[in-house]
2 protein chains.
Amino acid sequence: MNAVPHLLQQAEQLSADVTRPIPGSRKIHVEGSRPDLRVPMREIALARTPTMFGGEENAALAVYDCSGPYTDPEATIHLARGLPPLRAQWIGERGDTQLLDGLSSAFGRQREDDPRLDAVRFGHRPQPRRALAGANVSQMHYAKNGIVTPEMEFIAIRENQRIEAIREAHLLRQHAGETFGANIQKVITPEFVRDEVARGRAIIPNNINHPESEPMIIGRNFLTKVNANIGNSAVSSGIAEEVEKLVWAIRWGADTVMDLSTGKHIHETREWILRNSPVPIGTVPIYQALEKVDGRAEELTWEIYRDTLIEQAEQGVDYFTIHAGVLLRYVPLTARRVTGIVSRGGSILAKWCLAHHKENFLYTHFEEICEIMKAYDVAFSLGDGLRPGSIADANDAAQFGELETLGELTKIAWKHDVQTMIEGPGHVPMQLIKENMDKQLRECGEAPFYTLGPLTTDIAPGYDHITSAIGAAMIGWFGTAMLCYVTPKEHLGLPNKQDVREGLMAYKIAAHAADLAKGHPGAQARDNAMSKARFEFRWEDQFNLGLDPERAREYHDETLPKDAHKTAHFCSMCGPHFCSMKITQDVRDYAAEHGMSEEAALSEGMAEKSKEFLEQGAQVYHKA
Amino acid sequence: MNAVPHLLQQAEQLSADVTRPIPGSRKIHVEGSRPDLRVPMREIALARTPTMFGGEENAALAVYDCSGPYTDPEATIHLARGLPPLRAQWIGERGDTQLLDGLSSAFGRQREDDPRLDAVRFGHRPQPRRALAGANVSQMHYAKNGIVTPEMEFIAIRENQRIEAIREAHLLRQHAGETFGANIQKVITPEFVRDEVARGRAIIPNNINHPESEPMIIGRNFLTKVNANIGNSAVSSGIAEEVEKLVWAIRWGADTVMDLSTGKHIHETREWILRNSPVPIGTVPIYQALEKVDGRAEELTWEIYRDTLIEQAEQGVDYFTIHAGVLLRYVPLTARRVTGIVSRGGSILAKWCLAHHKENFLYTHFEEICEIMKAYDVAFSLGDGLRPGSIADANDAAQFGELETLGELTKIAWKHDVQTMIEGPGHVPMQLIKENMDKQLRECGEAPFYTLGPLTTDIAPGYDHITSAIGAAMIGWFGTAMLCYVTPKEHLGLPNKQDVREGLMAYKIAAHAADLAKGHPGAQARDNAMSKARFEFRWEDQFNLGLDPERAREYHDETLPKDAHKTAHFCSMCGPHFCSMKITQDVRDYAAEHGMSEEAALSEGMAEKSKEFLEQGAQVYHKA
């Protein structure tokens, strides 16, 4: 039994490691209509503009923050105890759920009773909760009934990122976007959130058994979100490592995290992840179901799968990838593909269909699945089991056939008021990306699209975070609501902590580029603040405003390590003689000194003025 | 004088370091119409398909190769002597040039005569060459006169990448592209190359004093090219380090390299770079001119600049960035920008204009510059001195005003038969990118566009190779002929060797994604070969077909280090149970074993067949 102290020791050690504020920022909470509705944001403090550039104050900028209590110096982290259940009160007071005496799933009980698992079991599992008989506890159900939940209000505040402060700081200046038909709001209201959820255009993945989660929304009329996959396999990775990846993933901006574990201790790993996650957790239940039949796809049954759904729903998984669209008739369409079926879930179900020569049991039992989903508010992520695994296979009959079936299933899910998003892309060359988005919007009634990449070429193993960030930015612009990241290890191995960072940065860039291109209100504020800091040589502010302050500082210091250089009015790239920023300032100074507008200073064409400039401008390097 | 042996020692050491074949590839040469016309390519050998997947041979794939003799095991590299002058005979036999007794520029002669420079001087400078009086030696001039030069034939062979072999290997299957009006050919002929150069739609940057260069072409109807910037600054970097960056840059796929040095020994660094470069070298002559007046922009004169152009032209620089479009009237348009003028060259000229209150002397002396360009066949890269340095400043009046002037200058250059391309972007959000391309095509008569990125957001210092690869892929698709890379150090510091690699990989991806999206003939062949290798678990072939075989292998080995795993029929990500590729093979095998098409196997719906499959398919893991 000496593994018990081992994992607990690891957890204790990790609790210290993962608690780390982001440099230059502080955690703030914006309160809503009730004292327990406190929306976390990250506020980046900015320095005053140097006198030579005007000397004004620069207001702090609040940014969207997925990092949870780990970056809050006032929070105490004990991974072995989990995060506080911030939504528990909201869930409880709705009066439509009951606490269960124990786990409903046979498998869950079996794991609970197995003393050999004491070493790896999370020690403080909360009591599971389920809807009262006949009740539907999905946010979509509330929304359709006109109820604005605290979750919806939380989201409205969160999405706005204190836009009124952005306006006051004069950072709202922004190019008009091209929305491709999205319904972009100037300000997000709780009522707008409710309406979008009711229409099925957005989802709020938050299982009643995951009260630790901070509500967030996925829909094309909101900020573009990013998902990070973690999870061990039979080959590699342990529980502590996965929890660590979770915390790093949200630090670097993951809006949701999927636990794709396939090795042993799937159940226990998931419990550790859920109890410590402030972001929604998604899974692919068929992976675990397959483990239960020792990897023999043909032995999968509806009963085993159903028990797995309940097991995971009672742990608190927020969305399930369910490959109910892999129909028997689509499987042969993949036989002549260059890369066949590349989705793990898709291939498991294709194999089951072949073995039994029957229709996919997830399709035939879809309404029973809906019943489970609405009893816990688990959202569907309808899986694209036939997504293309190569440029050659993009947009083919198998892929688009499945998408049509997913559209049909969406309508069934909506009939049950079950929140639903649709998975998509894979490998798609640029000229074929928009067709995917347009077809998804049409077939699936604007249910949120959630796409892997797409990778825009096959030829760069080791760099697929980049091949796919290109496609992700574009499809995000066209209307995808959440982008599933790809790490540099794609096609090669399992991502480690650094790969998670690289993948997330590429995808935060893609998501933000998409928000800018759609003209999302306030999206350009951070760019504007960054560029103002850049122009004014406020180096610390540049680092802190960036997506990865630590990386930016480290790179700067490689060339110019001294602290003095962080206030230098030139960059290491050009040195003082070549600094274009300084010269622009000369243009401004010249005009200001002569009490005229810049335009007038030049258009009047006074040779005398240029002589003065020459005398005064000989020394362009202003000391701070 | 002990620096002399120091640099020579460094060069000798480096000569060994930089000579390194690319693993899994061999250098081949495809001969043209004359024995000295030998076009280098890199041939990637591929393994036979494993028996379980069909057992067929896979033909070797030839890919475009910029890496020069450094990757040829049969070449001997002596950096201190430079590369062989492969074009010398072609240039000489045209009979329109003369060898000069010495350098024509005052500055060049002064450096030549300064014994203090012995320590850093390249020791084997070739005799400079110039057009005979009144002659025009530009490829555009030949093209307009109907002459197909050996350079043009070389390019046609190079651009086709042995497309006939691709066809024979059944790798030509490709999605239709969206060309946005580009004139994409199925096969590139020497006559097509000539015609495009004559029309000004493409340029062949190859100064008669850079006979070491392997001809290449920049134009939107050819493969999208990539440029890498290197160069020291007053703050950092030495000669040996720059030569090393050059060699690594071309190894990783740079089609041209710009030497942006601004520190001391600019002249000598450039000589070392040119003599060892098989790719065209570009410079920004104003940087050196500014050094000659100790950084005081207002002291720049046409005479100093003119001498600099001749100095560099006689060294062999293939294209000059010339900011002749920064007109006095545009400078005030930048005063209210968030980031003013960010181009170094642009800001130098803006300052000169302000100081003298006169029109930009590059604009007023433009025709004299043309006379110099055509005497050496240096191409114009008309600089975008007013490019936007932030999302906020994108597509503004200053930027577009300058672009209109560049269009006017293009027509003047063409009147002199001087090859011309146009520089563009900077920071541009996605929804504004296409407007840039469309305006450039319209204003500049389809002269090739050469763009920096664009960066699609400002907020990711440390990751600007990615923010800009997104924009680069898109603008490449829309019609940009060459993409100027951005490294992760952008805005932060000078790139080192690893940054050059990261930047180039991001840009090779962008360029290739653009070629795929345009439907460039044969572009998808490498993707197809890669994906076939992936499906068949030919790991070594996957590494070798990638843009960076060393990185791919290293990442794979982190998870599965053993050699045995390189023939494993599963990936480290999923392990053997979850391998979707294997399951697809089951679909195929099932059909094949039953002597029927896959479609029939399934659509007939025979339960009996599925029973057989079950019996045979229980063991899906085929031993290799």
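Bear in mind that the values here come from a model prediction, so they are computed numbers and not experimental data. (Residues numbered from 1 in each chain as written. Chains lettered and ligands numbered in written order. Predicted model: local features only at pLDDT ≥ 70, side-chain atom pairs only at ≥ 80, totals over all residues. Heavy atoms only, no water.)

Here's the deal with the environment of Asn528(A)
- For Asn528(A), the position within the fold is in helix H19 (residues 525-535).
- Remark: the alpha-carbon pair of Asn528(A) and Leu172(A), spanning 356 residues in sequence, is separated by 8.3 Å.
- Once you skip the residues sitting within four places of it in the chain, Asn528(A) turns out to touch Leu171(A), Arg173(A), Val338(B) and Ala392(B). (Helix = DSSP H or I, 4+ residues; strand = E, 2+ residues; numbered from the N terminus. Contact = heavy atoms within 4.5 Å.)

As for the packing of aromatic side chains
- Using the criterion set out here, one finds 30 aromatic pairs over all chains in the structure.
- Considering the side-chain rings of Trp352(A) and Phe361(A), the 4.9 Å spacing of their centres and the 65° angle between planes classify their relative orientation as edge-to-face. Grouping residues by exposure puts Trp352(A) and Phe361(A) together as buried.
- An aromatic cluster is present here, built from Trp302(A), Tyr305(A), Trp352(A) and Phe361(A) joined pairwise through their rings.
- Its end group placed over the ring of Tyr555(B), Lys489(A) keeps NZ or CZ at 5.1 Å from the ring centre.
- Its end group placed over the ring of Phe107(B), Lys292(B) keeps NZ or CZ at 4.0 Å from the ring centre. (Phe/Tyr/Trp six-rings, centres within 6.5 Å; stacked < 30°, edge-to-face > 60°. Buried < 20%, exposed > 50% of the residue type's maximum accessible area, 1.4 Å probe, protein only. Lys NZ or Arg CZ within 6 Å of the ring centre and 35° of its normal.)

A look at the UniProt feature "binding site: Zn(2+)" (unreviewed entry) in chain A
- UniProt marks His427(A) and His491(A) with the feature "binding site: Zn(2+)" (unreviewed entry), using the numbering shown here. Across 65 residues, the annotated set stays spatially compact, with a maximum C-alpha separation of 12.1 Å.
- The exposure class assigned to His427(A) is buried, which follows from its relative accessible area of 5%.
- If sequence neighbours within four positions are ignored, His427(A) has contacts with Pro388(A), Gly389(A), Ser390(A), Ile391(A), Ala394(A), Leu455(A), Asp458(A), His491(A) and Arg534(B). (UniProt positions renumbered as here; feature names shortened; annotations may be inferred.)

Notes on helix H5 (residues 150-160) of chain A
All names here are of chain A.
- Of all 11 residues that make up H5, 11 are buried, and the element is covered over most of its length.
- Along H5, the positions that sit buried rather than exposed are Pro150, Glu151, Met152, Glu153, Phe154, Ile155, Ala156, Ile157, Arg158, Glu159 and Asn160.
- Glutamine 161 sits one or two residues past H5 and shows a positive phi near 45°.

So, the pairing of strand E2 (residues 38-44) of chain B
Residues and elements named next belong to chain B.
- The element E2 is extensively covered by neighbouring structure, given that 6 of its 7 residues are classed as buried.
- In the sheet, strand E1 (residues 25-31) pairs with E2 via 7 bridges, with the strands oriented antiparallel. By the bridge assignment, glutamate 31 is partnered in E2 with arginine 38.
- Joining the antiparallel neighbours E1 and E2 is a turn of 6 residues.
- Pairing of E2 with strand E3 (residues 61-63) involves 3 bridges; the strand directions are antiparallel. (Pairing = 2+ DSSP bridges.)

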